[in-house]
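Now for the letters of each chain:
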Amino acid sequence: GTYPLDMSQYELLFESTRIPQLGRDQIQPYKNSRHVVVQRGSRFYTLLLLNEDGTAVPAEDIAAGVQAILNEPIDRESEPLGALSTMDRDEWAKGRDALLGIHEANAASLQDIDSALFAVCLEHEHPNESVPGSKNRLLLHGDGRNRWFDKSFQLVILPDGTSAVNFEHSWGDGIAVLRFFEEVFAEAKAQPVVTPNSAGPSSANLKSVNFVLDDGMRQTIARAQSDYDAF
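Structure report, in brief.

Definitions and cut-offs
Residues numbered from 1 in each chain as written. Predicted model: local features only at pLDDT ≥ 70, side-chain atom pairs only at ≥ 80, totals over all residues. Heavy atoms only, no water. Helix = DSSP H or I, 4+ residues; strand = E, 2+ residues; numbered from the N terminus. Rg over C-alpha atoms; globule rule 2.2 N^0.38 Å. Buried < 20%, exposed > 50% of the residue type's maximum accessible area, 1.4 Å probe, protein only. Contact = heavy atoms within 4.5 Å. Areas by Shrake-Rupley, 256 points an atom, 1.4 Å probe, with all protein chains shown as cover. Lys, Arg positive; Asp, Glu negative; His and termini not counted. Charge placed at Lys NZ, Arg CZ, Asp CG, Glu CD. Pairing = 2+ DSSP bridges. Right-handed = clockwise from strand over helix to strand, strands pointing away. Patch = residues over 30% accessible without salt bridge, like charges linked within 9 Å, V, L, I, M, F, W, Y side chains within 5 Å. Salt bridge = Lys/Arg side-chain N within 4 Å of Asp/Glu carboxyl O. Expected span 1.5 Å × (residues − 1). Arc of directions from axis to C-beta. Polar contact = N/O pair within 3.5 Å; in protein donor to acceptor, adjacent residues only side chain to side chain.

1. Focus on the overall build of the protein chain
Part 1 of the reasoning: For the protein chain, the count of helices and strands is 6 helices and 8 strands.
Part 2 of the reasoning: Secondary structure elements in the protein chain, listed N-terminal to C-terminal, are β-β-β-β-α-α-α-β-α-β-β-α-β-α.
Part 3 of the reasoning: In terms of overall dimensions, the protein chain is globule-like: its C-alpha atoms have a radius of gyration of 18 Å, near the 17 Å expected for 231 residues.
Part 4 of the reasoning: With the principal axes as the frame, the protein chain shows a C-alpha extent of 50 × 50 × 45 Å.
Part 5 of the reasoning: The buried share of the protein chain, taken over its 231 residues, is 40%.
Part 6 of the reasoning: Taking the intrachain contacts of the protein chain between residues at least 6 apart in sequence as the baseline, contacts between residues at least 24 apart amount to 69%.
Part 7 of the reasoning: Approximately 12,700 Å² of the protein chain is accessible, and the part contributed by carbon and sulfur atoms is 53%.
Part 8 of the reasoning: Each charge sign in the protein chain was given a centre, from 20 positive and 34 negative side chains, and these centres are 2 Å apart.

Encoded structure:
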């Protein structure tokens, strides 16, 4: 009693994001993206995965970039901009416009996030094994600070290596996401695993993503956090 699915949803699986708009959001695709956006604590980074000719960056170089992020101290002091993506959509639309109006650098930083192939969250919190469902809550949404819920999908990785996918549902159905990760799982089992010991020496493909904030935006982020916690 349903209908057959074609491959049209796959076009938005990568390089797309949901842009908050007053009244109705916009699904924004980007073409020719070559990077992912990585979050850890309150920090954002871009990490190059593809060369200009479309070939993959060597796995050792990608591992070096990830290791460089893990070597950084966890930023628990800066305002967590990821909390903005948990807000009521109209309020987030207003907040995004305000963020863009603070400084021209913020437009480029948002573009780095929006245009990424997908998002990666290196969760720094450890699940409390004595609390039922603690790991599931971390994998589903965490505390809302180090996520960007507008991205097409986020790969969430806990400190012990457990991983899960959180995906934004408006661009497509779970079938497209599940099919992709079935392929990833099969490939990961078939190919040798890259370990921290095999990371290359260079993290040149890594770039920090920074924002300029004012007092009004700091208050908006604080309100987003308190609303999320209450919810």
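Alright, that's what it looks like, and here's the rest.
2. Some remarks on the pairing of strand 6 (residues 153-157)
Part 1 of the reasoning: In this sheet, strand 6 lies alongside strand 5 (residues 119-122) in parallel orientation, the contact comprising 4 bridges. Paired with L122 across the strands is I157, a residue of strand 6.
Part 2 of the reasoning: Of the crossover connections in this fold, the one passing from strand 5 over helix 4 (residues 134-140) to the parallel strand 6 is right-handed.
Part 3 of the reasoning: Linking two consecutive strands that pair antiparallel, namely strand 6 and strand 7 (residues 163-167), is a turn of 5 residues; a positive phi of about 95° is found at G161 within it.

3. Remarks on a nonpolar patch on the surface
Part 1 of the reasoning: Together, Y3, L5 and I175 make up a nonpolar patch on the protein surface, roughly 350 Å² of accessible area in all.
Part 2 of the reasoning: Within the secondary structure layout, L5 lies in the segment before strand 1 (16-19).

4. What to know about helix 2 (residues 89-102)
In an α-helix, one full turn covers 3.6 residues, which means residues spaced three or four apart are oriented alike.
Part 1 of the reasoning: Counted at 1.5 Å a residue, the expected span for helix 2 with its 14 residues is 20 Å, and the 20 Å between its end C-alpha atoms agrees.
Part 2 of the reasoning: Among all positions of helix 2, only W92, A93, G95, R96 and L99 are buried. With its buried residues spanning 165° around the axis, helix 2 presents them on a single face. More than 90 degrees from the buried face of helix 2, the exposed residues found are D97 and G101.
Part 3 of the reasoning: Contacts from the buried residues of helix 2 go to strand 1, helix 3 (105-114) and helix 6 (215-230).
Part 4 of the reasoning: One side-chain oxygen of the residue at the start of helix 2 lies 3.1 Å from the amide nitrogen of D90, identifying that residue as D88.

5. As for the pattern of salt bridges
Part 1 of the reasoning: Considering all chains together, one arrives at 15 salt bridges under this definition.
Part 2 of the reasoning: Measuring nitrogen to oxygen at the nearest pair gives 2.7 Å for the salt bridge that ties E168 to R18. Within this pair, whereas E168 is found in the loop between strand 7 and helix 5 (174-190), its partner R18 is found in strand 1, the two being separated by 150 residues in sequence.
Part 3 of the reasoning: Judged by its relative accessible area of 23%, R18 falls in the partly exposed class.
Part 4 of the reasoning: D25 is paired through a salt bridge with R89; the nearest N and O atoms lie 2.7 Å apart. Of this pair, D25 sits in the loop between strand 1 and strand 2 (26-29) while R89 is found in helix 2, placing the two residues 64 residues apart along the sequence.
Part 5 of the reasoning: Here the residues in one salt-bridge network are R18, D25, R89, D150 and E168, joined through shared partners.

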